[in-house]
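What the coordinates show
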Amino acid sequence: QVQLQESGPGLVKPSQTLSLTCTVSGGSITTNSYYWNWVRQPPGKGLEWMGAITDSGSTYISPSLKSRTSISRDTVKNQFTLQLSSVTPEDTAVYYCAINSRLGSTAYVYWGQGTQVTVSS
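This section reports on the structure supplied with the text.

Conventions and cut-offs
- Residues numbered from 1 in each chain as written.
- Predicted model: local features only at pLDDT ≥ 70, side-chain atom pairs only at ≥ 80, totals over all residues.
- Heavy atoms only, no water.
- Pairing = 2+ DSSP bridges.
- Helix = DSSP H or I, 4+ residues; strand = E, 2+ residues; numbered from the N terminus.
- Axes fitted to C-alpha atoms, helices over the stretch in contact; angles between N-to-C directions.
- Disulfide = S-S within 2.5 Å.
- Buried < 20%, exposed > 50% of the residue type's maximum accessible area, 1.4 Å probe, protein only.

Pairing is antiparallel across the open sheet formed by four strands, whose spatial order is β1-β3-β8-β7. The open sheet terminates on both sides in strands that have one partner only, identified here as β1 (3-7) and β7 (69-74). Here the strands of the sheet are splayed against their neighbours by 20° on average, with no regard to which way each runs. In terms of strand pairing, β1 meets strand β3 (residues 18-25) through five bridges, oriented antiparallel. In the strand pairing of β3, S7 is matched with T21.

See the structure below:
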């Protein structure tokens, strides 16, 4: 019943900041037992976990992206947002929001449909 919907720009210029929002329906991002994640898949590559936010608002960011990545939430709108700064063409990917029940687990139980983001000048 939980549904996730990504939204944001499909094209971002190098050096700019990418902002994507995941809108959640059928469940609350403040309800315990789930972690709310951002995952991406570059073309021809596997999934890369970017970070997560918990039911209480704590955030965890992949070490490789920590310097450029932040995750925030709006509990009134039941949304959480990814911000990725200083983007390069290597950040081109399909970006997903997804849910798991253990931090670091790849067993995501719900996914958004994904949104294509291209970094190009």
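From this point on, the discussion continues.
Looking now at the state of the cysteines. Using the criterion set out here, one finds one disulfide in the structure. Paired by a disulfide, C22 and C97 hold their sulfur atoms 2.1 Å apart. Between C22 and C97, the S-S dihedral sits near 70°, and the bridge is therefore right-handed. With a gap of 75 residues between them, C22 in strand β3 and C97 in strand β9 (residues 93-100) connect regions that are remote in the sequence. Note on accessibility: C22 and C97 belong to one class, buried.

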